[in-house]
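Examination of the molecular architecture
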Amino acid sequence: MISVISTVLPVFLALALGMLCRSRRLLTREGVDGLKTVAINLTLPFVLFDAFAKAEYTLQALVQPLLVFVACCGALGLGMLVIRFSGSKSRLAPFLASGFEAGMLGYALFVMLFPGVSTAKFAILDLGQTLFVFTLYKVLLSGKRDFRAVGRDMVTSPVLWAVFLGVVVGATGLYASLGPWGGVVESVTGFMAAPTGVIILLSVGYDLVLRDIPWKQTGGLVAMRLGVMALMLAVIVGLNRTVLGGMIFEGAAVLMLILPPPYVIPVFADEPAERGQISSALSALTLVTVVLFALLSVARG
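Structural notes, computed from the coordinates. (Residues numbered from 1 in each chain as written. Predicted model: local features only at pLDDT ≥ 70, side-chain atom pairs only at ≥ 80, totals over all residues. Heavy atoms only, no water.)

**Describing the overall build of the protein**
- Per the secondary structure count, the protein includes twelve helices and zero strands.
- What you see in the protein, going N to C, is helices and strands ordered as α-α-α-α-α-α-α-α-α-α-α-α.
- Its C-alpha atoms give the protein a radius of gyration of 19 Å, near enough to 19 Å, the size a compact globule of 301 residues would have.
- Once the C-alpha set of the protein is aligned to its principal axes, its extents read approximately 55 × 45 × 45 Å.
- Looking at the 301 residues of the protein, the share that counts as buried comes to 47%.
- Summarising the internal contacts of the protein: among those between residues at least 6 apart in sequence, 83% fall at separations of at least 24.
- Summing over all exposed atoms, the protein offers an accessible surface of approximately 14900 Å²; the carbon and sulfur share of this is 70%. (Helix = DSSP H or I, 4+ residues; strand = E, 2+ residues; numbered from the N terminus. Rg over C-alpha atoms; globule rule 2.2 N^0.38 Å. Buried < 20%, exposed > 50% of the residue type's maximum accessible area, 1.4 Å probe, protein only. Contact = heavy atoms within 4.5 Å. Areas by Shrake-Rupley, 256 points an atom, 1.4 Å probe, with all protein chains shown as cover.)

Next up, the structure:
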């Protein structure tokens, strides 16, 4: 019980403090946006660099991000089919079926749920969905075929640079060859990465306005997301246990699949009504993530 409380309580506390900051106006919208900018552009890249620098790069390991990339493509296709047959005219609704907010939530929750387990177990899966989100997903989401803009975003993204440098340092064996200096690098990355979890959860809590969620309208989108994720989990776990020989750390896969879709989706809404609908769905799915995280903590405990 103590172990479960130790894992779950910090998450709920950080979310509650974020909600308190909104209700008591301790933070403004500009202040929260500033916190997100700090987390995404400054502290999160250190988390990612450390994770990918410590990952194992073998021919077998490369199968994992490839599998996740293909699974994300399949999930997006399923989302498009479901929305088409439902009669919804929302252009963005299908995108709720695929992609994961791994950077903003995944790594922080992984460290809490699996203390002592290298984040590289999660990072190797995240590599596949990161490539998916920054390429095919973003092009389709924008509704344009501006590949030059997508390339510009990739080149200027601190997140992708951190992933790239981490992969280079880890795959070439440079990180392992640092010797005592490796401890210095680890100390720096650990110090810079430490605030990421609380900053992100505080920001998520600030945006989590439960009374504004139209639950009846949002329920269908939440059900679609959970159904597609359940199917993805069955496929990934099935392949892992039959074909891949257990190379995937299934705890990391389960955690990734309960994460909400990327928070950037509403930015691409053409109409205010659609933006509100997608934002409500993301808030509800974030709440679902927290509840499922708590259940995972109980199961693991």
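Now that the structure has been shown, we can carry on.
**Looking at a nonpolar patch on the surface**
- Where nonpolar side chains cluster on the molecular surface, the patch consists of Leu 78, Leu 81, Phe 85, Leu 231, Val 235, Leu 239 and Val 243 and spans about 660 Å² of accessible area.
- For the nonpolar patch, the elements supplying multiple residues, two or more each, are helix H3 (63-86) and helix H10 (215-242).
- As for its placement among the helices and strands, Phe 85 is situated in helix H3.
- Among the residues examined, Phe 85 registers a relative accessible area of 72% and is labelled exposed. (Patch = residues over 30% accessible without salt bridge, like charges linked within 9 Å, V, L, I, M, F, W, Y side chains within 5 Å. Salt bridge = Lys/Arg side-chain N within 4 Å of Asp/Glu carboxyl O.)

**Overview of empty space enclosed by the protein**
- Tallying each qualifying case throughout the model produces three cavities of 30 Å³ or more.
- Computed from the structure, the largest cavity encloses a volume of approximately 60 Å³.
- Gln 64, Leu 67, Val 68, Phe 100, Leu 125, Ile 236, Ile 248, Ala 253, Met 256 and Leu 257 together form the lining of the largest cavity.
- Of the residues assigned to the lining of the largest cavity, the class counts are nine nonpolar, one polar and no charged.
- A volume near 50 Å³ is recorded for the second largest cavity.
- As for the second largest cavity, its lining consists of Arg 225, Leu 226, Met 229, Leu 257, Ile 258, Leu 259, Pro 260, Leu 285, Val 288, Thr 289 and Leu 292.
- Of all the secondary-structure elements, those providing two or more residues to the lining of the second largest cavity are H10 and helix H12 (272-300).
- Across the lining of the second largest cavity, the residue classes break down as nine nonpolar, one polar and one charged. (1 Å grid on protein atoms, 1.4 Å probe; cavity = no way out; pocket = protein on both sides within 12 Å on 5 of 7 lines; lining within 4 Å. Points joined across faces, edges and corners; volume = space filled by probe spheres on them. Nonpolar A, V, L, I, M, F, W, Y, C, P; charged D, E, K, R; others polar.)

**What to know about helix H1 (residues 2-23)**
- Taking 1.5 Å per residue, 22 residues should reach 32 Å; H1 reaches 30 Å between its end C-alpha atoms and fits that length.
- Within the sequence span of H1, burial applies to Val 4, Thr 7, Val 8, Val 11, Ala 14, Leu 15, Gly 18, Cys 21 and Arg 22.
- Against helix H4 (102-113), helix H9 (196-207) and H12 lie the buried residues of H1.
- Following H1 by one or two positions, Arg 25 adopts a phi angle in the positive range, close to 60 degrees. (Expected span 1.5 Å × (residues − 1).)

**Brief notes about the state of the cysteines**
- Considering all chains together, one arrives at zero disulfides under this definition.
- Free cysteine Cys 73: the closest other cysteine sulfur is in Cys 72, separated by 7.1 Å. (Disulfide = S-S within 2.5 Å.)

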